[in-house]
Amino acid sequence: QVQLVESGVGLVQAGGSLRLSCSAAGRTFSSYDMGWFRQAPGKKREFVAAITWSGGNTFYADAVKGRFTISRANAKNTVYLQMNSLKPEDTAVYYCAADPRGSLYEGPYNYWGQGTQVTVSS
C-alpha cells in the first residue's frame, strides 16, 4: 500500500515556473513507476508525464514536452514535476499516481494522490 500526497499549490503568471512534489508513504516506492496527470474543469483527466522506477526513462505528453520535467528521489520517496513556461491552458488539478497496471500513459494506476490545484493567470 502506498499513500501519495502532492504539494505545491500555486497561482503563477503565464511564463512562470512551479515545482510540484509528490511524497509517498510506503517502503516499496522505489519499485514503482510513477506518473503525473491533470484535470481541467469540464475536461477528462489527461496524462502529463511519467518516470520509470529507476528514473532512467521519462515520458511526456506533447503539450508539455520541453517545458515540464519529471524526476524522482527514491531516497526521499518523492517524485517531482518541474513546470516552466507555464501557460493558462496548464491550469488544472494535478495528480500523482503510482504503480500502473497497464501502460504508463493510460494506466490504470493502482494509487493516486488527492490532487493539487495549479492556476496560471494570463
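This text follows the structure it describes.
One structure accompanies this document, and this report is about it. It should be emphasised that the depicted structure is a prediction, and the values quoted were computed from it without experimental measurement.

**Quick notes on the environment of tyrosine 94**
When you line up the elements, tyrosine 94 lands in strand S9 (residues 92-103). Given the relative accessible area of 0%, tyrosine 94 is considered buried. As a C-alpha pair, tyrosine 94 and phenylalanine 47 span 47 residues in sequence and 9.9 Å in three-dimensional space. Residues within four places of tyrosine 94 in sequence aside, it is in contact with Glu6, Leu20, Trp36, Phe37, Arg38, Val48, Phe68, Leu81, Met83, Gly115, Thr116 and Val118. A distance of 2.6 Å separates the side chain of tyrosine 94 from the backbone oxygen of aspartate 90, its partner in a polar contact.

**Observations concerning unusual backbone geometry**
Of the consecutive residues glycine 107 and proline 108, the connecting peptide bond is found in the cis state with omega at 5°. Mapped onto the fold, proline 108 is located in strand S10 (residues 107-112). One non-glycine residue, serine 85, adopts positive backbone phi at about 50°. Take serine 85: its relative accessible area is 41%, and that puts it in the partly exposed class. Not every positive phi belongs to a glycine, and aspartate 99 is a case in point at roughly 65°. Mapped onto the elements, aspartate 99 comes out in strand S9.

**Observations regarding the state of the cysteines**
One pass over the structure, following the stated rule, counts 1 disulfide. Note on cysteine connectivity: cysteine 22 is disulfide-linked to cysteine 96, with sulfurs 1.9 Å apart. Its torsion about the S-S bond being 45°, the disulfide of cysteine 22 and cysteine 96 is classed as right-handed. Separated by 74 residues along the polypeptide, cysteine 22 in strand S3 (residues 18-25) and cysteine 96 in strand S9 bring together distant segments of the chain. Each of the two residues, cysteine 22 as well as cysteine 96, counts as buried.

**Some words on the pattern of salt bridges**
Following the criterion strictly, the structure yields 4 salt bridges and no others. One salt bridge connects aspartate 62 with lysine 65, and the closest N-O pair in it is separated by 3.2 Å. With respect to burial, aspartate 62 and lysine 65 carry one shared label: exposed. Residues participating in the shared-partner salt-bridge network are Arg38, Glu46, Arg67 and Asp90.

Cut-offs used in this document
Residues numbered from 1 in each chain as written. Predicted model: local features only at pLDDT ≥ 70, side-chain atom pairs only at ≥ 80, totals over all residues. Heavy atoms only, no water. Helix = DSSP H or I, 4+ residues; strand = E, 2+ residues; numbered from the N terminus. Buried < 20%, exposed > 50% of the residue type's maximum accessible area, 1.4 Å probe, protein only. Contact = heavy atoms within 4.5 Å. Polar contact = N/O pair within 3.5 Å; in protein donor to acceptor, adjacent residues only side chain to side chain. Disulfide = S-S within 2.5 Å. Salt bridge = Lys/Arg side-chain N within 4 Å of Asp/Glu carboxyl O.

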